[in-house]
Every structure is written in structure tokens, then in C-alpha cells.
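Coordinates in review
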Amino acid sequence: MSHRKFEAPRHGSKGFLPKKRAKRFRGKVKCFPKDDAGKPVHLTCFMGYKAGMTHIVRDVDRPGSKVNKKEVVEGVTILETPPMVVVGVVGYIETPRGLRALKTVWAEHIGEECKRRFYKNWSQSKKKAFTKSCTKWADDLGKKEIDKDLNQIKKYCSVVRVIAHTQMKILRRRQRKAHVMEIQLNGGSVADKVNFAREHFEKEVPVTSVFSMDECIDIIGVTKGHGFKGVTSRWHTKKLPRKTHKGLRKVACIGAWHPSRIQYTVPRAGQKGFHHRTEINKKIYRIGEGYKMKDGKLIKNNAVTEYDLAEKSINPMGGFPHYGEVKQDFLMIKGACIGHKKRVLTLRKSLVTLSKKRFTEKVSLKFIDTSSKFGHGRFQTPQDKAAFMGPLKKDKKE
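As the structure is a computational prediction, the values presented were derived from the model and not from experiment.

In this section: the overall build of the protein chain. Along the protein chain, the regular secondary structure elements total six helices and 17 strands. For the protein chain, the spread of C-alpha atoms along the three principal axes comes to 85 × 75 × 55 Å. Across the 398 residues that make up the protein chain, the buried fraction comes to 43%. The long-range share in the protein chain, meaning contacts at least 24 apart out of those at least 6 apart in sequence, stands at 76%. Counting only carbon and sulfur atoms, one obtains 53% of the accessible surface of the protein chain, whose full area is about 24,300 Å². For the protein chain, the separation between the mean place of its 88 positive charges and that of its 38 negative charges on side chains is 13 Å.

This is the structure we're talking about:
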């Protein structure tokens, strides 16, 4: 019988097994916040796209802490969140085996980007999706059927969710297929929820109607993929001594002679990253609005603070690397978040009421960094650069 020389806690959590590639690309909400009929009807989720990171300077308001009333620099992530469009409503009834969808009612007009989601190859398809169901809205018989379905949802259902999709055409990305999800409605009675959904058919829902400043949210998505990795990278096991035969980035003993199988608890090489994960308690530092026209002029000053009055947008000089410019509404959240650039993330309201000072603290930003993220950025705006560099040869008029 041999014994191990040193005892040590295991490497890596078993709670996330099996570590394999996610089946779905869009983060799935496995649990919605608890419903409270006393509140007005509201959406509980939203979808956004990860643009990149920058940093901010702010004063801390945390009595008793060493950094209270001091300036701190913190990393923040920018998520672009263009308004979502509501195209349907689903009612669920409770059964002994969980929820069951009772009725689904679709809006009359459904955008092309949403219809693309129902096809593998849009260009070669006949594009017949929803051509028959939208005719219900045209005649009285169909309208009666729609009202009947909505009344059935009001009468029997306990959970009401709206079907909403993102707007790819205003994002100006290569992808044209929208991401579609069911978003649960919380607050008010079931009839209120159905009326809310019916009123919002084919309408845009901005992120400001779902989240607010200083709120803590949860982010659900798929992590950045790293491919097939060995045990040192995947499970963070210790490297063996330098002189080890046949390599040192291995597990020395993968189990006893008997049972004569390898146990599932032993670290092995395999897929790392591209896993479905939920991160909780991400604090919103700012909800910024996108570029807008005012008096015939394009207003871009969504990164202005009380202390830094320079007219600048949230985009760093040269845009976010591997993303481009954020022109729509955006969320700024504290710290890093899962996923690669351009990754679609599901943003959900927190499941619990947070009461710690750290989570309820009011945040006022002093400065948002917009220097170039491609190299060592020295200048905040092109005007700063021009003032420092003076007239350049490339700008010389012939």
C-alpha cells in the first residue's frame, strides 16, 4: 500500500462537470426572479453584446472602509444593448411536472431578422415563416381567435412570458440573424401582464425600462473558448518536477489499482472554455444612451461626467478592438464579464434582494477613460492629440 506524501484539497470544482462545449450559444435563463404582484408589470431580462473594457475613476462612499472618500480606479465592461422588439406572448400553466406552455400568440408583423432565426439557410428558403399566422390579424374570425387565446392565458396561466428579439440591423454587425428569447413578465396580475404584452407587440423596449443605475444584475452566457487543454491549464493541477520522464504537465497518479477504472473525480485533459455560466451581482455603473440627432446635429457625449466635461463618446480612440464603435444604448458594469467580444449575453435581474453597502452604494463617476485600447493610448480625444502633436504632414493640404 502506498500513501500520498502530502494532503491537499482537490483541484477544480466538481460542481461544473461535465466540462464540455455548451450546446447553445445564447445564455439560457434557468431561473427567473420571484414574482411580486404588488409591483407594476416589468420585464426581468434583456440581451446585450460585449464590446470591451475600459477603466473609470470614482469616489468611494463606504463609511468604515479604508478607501472611504478616496478616489479609486476600477475596470469596467461595456455592453451594447440596443432596444429589443416584442413579437409574441406565451402563457404557462403549472402541472405536477413543472410548467407547460398553454398558448402562444404572435404579433402581426415579424421582422426579417427575427424570421431568419427560424431558418438554417435564409437565402435558399421559401421564406414562408408566419405568412399564414399573420393573416389571422386581417379578418374578424382570426381576431376572435387571438382574443380567445389571450383570454385563455388570462384565465388559466400563472406565468406569462413575452417573446422578444434583438435588432441586428441597427447593430451593423456581420450577423443578420436576431437572437430570440422568452422574457418573463413580473408584477401585477396575470391579466395586467397579458395586456402589457399585447400593448408592446411590435414595439421597441429600451434597456432603461428594464434596469436602472446602481442596480446589481446577473450575466448569463458562454465563456471564451480555449479548445482542448491539458490538466495543468484545465484543472490547475501542480506541475511535476523538472526531471519527470515523458513530460511534467501531467497528473502523477490517476488512481488506485482497484477499482480498475478511472474515477470521474480525477483531472483529465479535454475541453476548456466555451461553457455555459451565470455570474451574479454585477453592478451597473452607467446606463448610457446611444448617438442621437438633436437640432440636426449628432450628439455623441455619452461619456461626460461632472468633473470631465470634454465632449466625448464612450468609444475609445480607434474604437473597441475586435468590436468597433458602440453607437446604441449601452450598460457599463463593474469588472470583467464572461465571453468574447461580440458575444451575446443575457442580462437578468438579481434573484435576491441585496442589502450590503457595497451593492447599494450610489456610484458617481469622475472620469471615464477613452484612450486607445490598441497599444499605449496617451490621448483621450482626437482633439487632445491634435493639440499635442501640432499640424501633421499627412494632414497638409496640397
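Another point: the environment of Ser-123. Considering the arrangement of structural elements, one finds Ser-123 in the loop between α1 (112-115) and α2 (140-156). Look at Ser-123 and you get exposed, because its relative accessible area is 57%. For Ser-123 and Arg-58, which are 65 residues apart along the polypeptide, the C-alpha to C-alpha distance reads 50 Å. Here Asn-121 takes part through its side chain, which lies 3.0 Å from a polar atom of the side chain of Ser-123.

Bringing α2 into the picture now. Its 17 residues place the ends of α2 24 Å apart at the C-alpha level, agreeing with the 24 Å of an ideal helix rising 1.5 Å per residue. Along α2, the positions that sit buried rather than exposed are Gly-142, Ile-146, Asp-149, Leu-150 and Ile-153. The buried side chains of α2 occupy one side of the element, clustering within an arc of 95 degrees when seen end-on. Seen from the buried face of α2, the exposed residues on the opposite side, beyond 90 degrees, are Asp-140, Leu-141, Lys-144, Lys-148 and Lys-155. Turning to α2, the residues buried within the fold contact β4 (84-95), β5 (98-106), β6 (159-165) and α3 (190-199).

The next point concerns the packing of α2 against α3. Put simply, α2 and α3 touch, their axes get as near as 8 Å, and they point 150 degrees apart. For the pair α2 and α3, the sense of crossing is right-handed. Contacts between α2 and α3 pair Leu-150, Ile-153 and Lys-154 from the former with Val-190, Ala-191, Val-194, Asn-195 and Arg-198 from the latter.

Turning our eyes to something else, we now look at the side chain of Arg-348. Mapped onto the elements of the fold, Arg-348 is located in strand β16 (residues 344-349). Within the structure, the side chain of Arg-348 is placed 2.8 Å from the backbone oxygen of Cys-31, a separation counted as a polar contact. Of note is the side chain of Arg-348, whose polar atom sits 2.8 Å from the side chain of Asp-218. Ignoring any residue separated from it by four or fewer positions in sequence, one finds Arg-348 in contact with Val-29, Cys-31, Pro-33, Thr-44, Cys-45, Phe-211, Ile-217, Asp-218, Ile-220 and Thr-278.

On to a positive patch on the surface, then. Taken together, Lys-20, Lys-23, Arg-24, Lys-28 and Lys-30 make up a surface patch of like positive charges. Relative to the helices and strands, Lys-23 resides in the segment before β1 (42-43). With relative accessibility at 77%, the residue Lys-23 sits in the exposed group.

What counts and what doesn't
- Residues numbered from 1 in each chain as written.
- Predicted model: local features only at pLDDT ≥ 70, side-chain atom pairs only at ≥ 80, totals over all residues.
- Heavy atoms only, no water.
- Helix = DSSP H or I, 4+ residues; strand = E, 2+ residues; numbered from the N terminus.
- Buried < 20%, exposed > 50% of the residue type's maximum accessible area, 1.4 Å probe, protein only.
- Contact = heavy atoms within 4.5 Å.
- Areas by Shrake-Rupley, 256 points an atom, 1.4 Å probe, with all protein chains shown as cover.
- Lys, Arg positive; Asp, Glu negative; His and termini not counted.
- Charge placed at Lys NZ, Arg CZ, Asp CG, Glu CD.
- Polar contact = N/O pair within 3.5 Å; in protein donor to acceptor, adjacent residues only side chain to side chain.
- Expected span 1.5 Å × (residues − 1).
- Arc of directions from axis to C-beta.
- Axes fitted to C-alpha atoms, helices over the stretch in contact; angles between N-to-C directions.
- Left-handed = near helix turned anticlockwise from the far one by under 90°.
- Patch = residues over 30% accessible without salt bridge, like charges linked within 9 Å, V, L, I, M, F, W, Y side chains within 5 Å.
- Salt bridge = Lys/Arg side-chain N within 4 Å of Asp/Glu carboxyl O.

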